[in-house]
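Residue strings, one per chain:
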Amino acid sequence: MNILIAIDSFKGTISSIEGCKIIKQAICDSGFIGKVFAIPQADGGEGSLDIVKSVLGGEDIDVEVMGPCLTNIKTHYLLVDDKAYIESALILGYTLNDGLTILNRTSEGLGMAIKDAIIRGAKEINIFLGGSCTNDAGLGMLYALGAKFFDNENKALYPLPEIYNSIERIDVEGLDIYKDIKINAIVDVDNPFIGNFGASKTFAKQKGATEEEINILEDGFIHLVDVIKNQYNEDIGYRSGYGASGGISMALNYFLNAPLYKGSEYFTKITNLNNIIKEVDYVITGEGKLDHTSFNGKVVSSVIDLANENHKEVMLIVGKSDLSKEECNKLGIKHLLVINQEEKDIGVIKLTAKKDLYNKSLDYFKQKNDHQVI
C-alpha cells in the first residue's frame, strides 16, 4: 500500500513542508510497510514561496519594504529567471501585526516588492494572496505603484481604510508603465468584495477587527464600489474572488489586469499532485484549523475532490476542528485526527506543535497497523 501526504500549513506553527515531513516520519516509525509520498501543498497563503522554490529553484531576493503597520520590515521574494514570485503573507502576514488598528494597516509594502522585482528585470510577477492582516482593498499596493487618490476638494490622500469614505477620485495613470508586465494573482478564496460573504464581513474579525471596525471597513468598501461605478461605469462589488487578502485581489485584477487563479489548483498542478495521486491507495490532507471555510477552495477541499475523483480513501489531520462529528460525516470525512482540540494561545501551541503532531500521528498509525487497516 502507498500513502500520499498533501497537507497545507498549520498557520503560525508548522509549515506544510515541515508538516509533511513530520507525518511521513511518524508513519514510517509506526511500522508501516509501503511507499510514503510527501507533497506539501498551499493555497496562496503562508508557505507558498517555499513550495515554489522546492519545485522551481531560483534566488531569494532580500528587500526592505513598508510593513502592514507602517514601519519598514525586511522580507524576501523569489526570482526565477525573469519571473518573480511574491508571497503576500511574508509582507502583510498576521505575525507582522504589532497591534495597530486594521483601519490603519496598509498593503503598500506589496507594491514596493512588485516594483523592486520589475526593476530587477522581472517580466512576470506571480503574487500569492492569503494570510494577510490587512483589509485595505489593495489601495496601498496601488499607491506604491503610482496610483493617486483624491477627495471631493481634489486633495491627495494617503489610502488607509479609515478614510476610504473620503475618496472621490482614483487616478491610475501612473500604472500605465506596468502594462507590459504580466501579473498573476493566486488567491485562496472566491469571496466577493462586499456583502455578508465579502472581505470585511468574512475575514476582518480573524484579523483582529472589532464589530465597529468591520462596519467602517464595509462602508468604505461600498463607497469604493460606488467611486469605481461612477468613474468607470462598472460594478465590481460582487465579483468572485475580489474579497481575497482583504480585497487586494480586486486591485490586482481590476486595475492591473491580473487574472485570478485558485491557489489550491495552482499548487496541485506545479507539484504534479494530479499524477502522483494515481500511484497511491490512501491520501492524507489537513491544515491547522478545520471549519466550513476549509471547503471554500482551500487545500483540504481540493485534495479531497482530487482523491474522490481517483477513488482514493482520505484522512484528515488537523490542529483543531470546529466541525461536529455529524458535520464531518455530511462532508464525507470518515477519518479525522485532531492534534489539539483545547483552546490555547498560538504562542503556547507553537512550543509543542511539532512534537504533538508527531506523537499523535505515530499513535494513530500504530493502531491502524495493529488492526491491519492500512
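All of the points below concern the structure found in this document.

Procedures and definitions
Every chain is numbered on its own, with residues counted from 1 as its sequence reads. Residues qualify for local features only when their pLDDT is at least 70, as the model is predicted, and side-chain atom pairs are given and counted only at 80 or more; totals for whole chains, interfaces and linings, by contrast, use all residues. Hydrogens and water molecules were not included; the side-chain quantities draw on all heavy atoms of the structure. Buried means the residue's accessible area, taken with a 1.4 Å probe over protein chains only, is under 20% of the maximum for its type, while exposed means over 50%, and partly exposed covers the values in between. Secondary structure is summarised from DSSP: a helix means a run of H or I of at least four residues, a strand means a run of E of at least two, and numbering begins at the N terminus for each. In this description, one arc is meant: the one made by directions from the helix axis to the C-beta atoms. Any N or O atom pair separated by 3.5 Å or less is treated as a polar contact, with the protein-specific requirement of one donor-capable and one acceptor-capable atom, and with residues adjacent in sequence counted only for side-chain atom pairs. Whether two residues are in contact is decided by their heavy atoms: any pair within 4.5 Å suffices. When DSSP finds two or more bridges between a pair of strands, those strands are recorded as paired.

1. Considerations on helix α2 (residues 48-56)
Then, in step 1: Regarding α2, the residues found buried are S48, L49, I51 and V52. Considered in projection along α2, the buried side chains sweep an arc of 160° and stay on one side of the axis.
Then, in step 2: A positive phi of about 75° marks G57, the residue just after α2.

2. Focus: the environment of G45
Then, in step 1: Topologically, G45 is positioned in the loop between β2 (36-38) and α2.
Then, in step 2: For G45, a relative accessible area of 8% corresponds to the buried category.
Then, in step 3: Counting along the chain gives 10 residues from G45 to V55, while the straight-line C-alpha distance between them is 17 Å.

3. Some points on the side chain of N2
Then, in step 1: Position of N2 among the secondary structure elements: in the segment before β1 (3-5).
Then, in step 2: A distance of 3.1 Å separates a polar atom in the side chain of N2 from the backbone oxygen of E279.
Then, in step 3: Beyond its immediate stretch of four places on either side in the chain, N2 contacts G34, K35, F37, E279, V280, D281 and Y282.

4. What to know about unusual backbone geometry
Then, in step 1: Unusually for a residue other than glycine, N272 sits at a positive phi of about 65°.
Then, in step 2: Relative to the elements of secondary structure, N272 occurs in the loop between α9 (263-270) and α10 (273-276).
Then, in step 3: Even without a glycine there, the phi angle at H311 is positive, about 60°.

5. Quick word on the side chain of N126
Then, in step 1: Following the sequence through the fold, N126 ends up in strand β6 (residues 124-128).
Then, in step 2: Those residues in contact with N126, other than ones at most four positions away along the chain, are K83, A84, Y85, I86, N184 and I186.

6. A word on the pairing of strand β10 (residues 182-187)
Then, in step 1: For β10, a buried count of five out of six residues is recorded, marking the element as mostly surrounded by other parts of the structure.
Then, in step 2: Pairing of β6 with β10, which is carried by five bridges, proceeds in the parallel orientation. By the bridge assignment, F128 is partnered in β10 with I186.
Then, in step 3: For β10 and strand β11 (residues 260-262), the ladder comprises three bridges, and the chain directions are parallel. Of the residues in β11, the one forming a bridge with A185 is L260.

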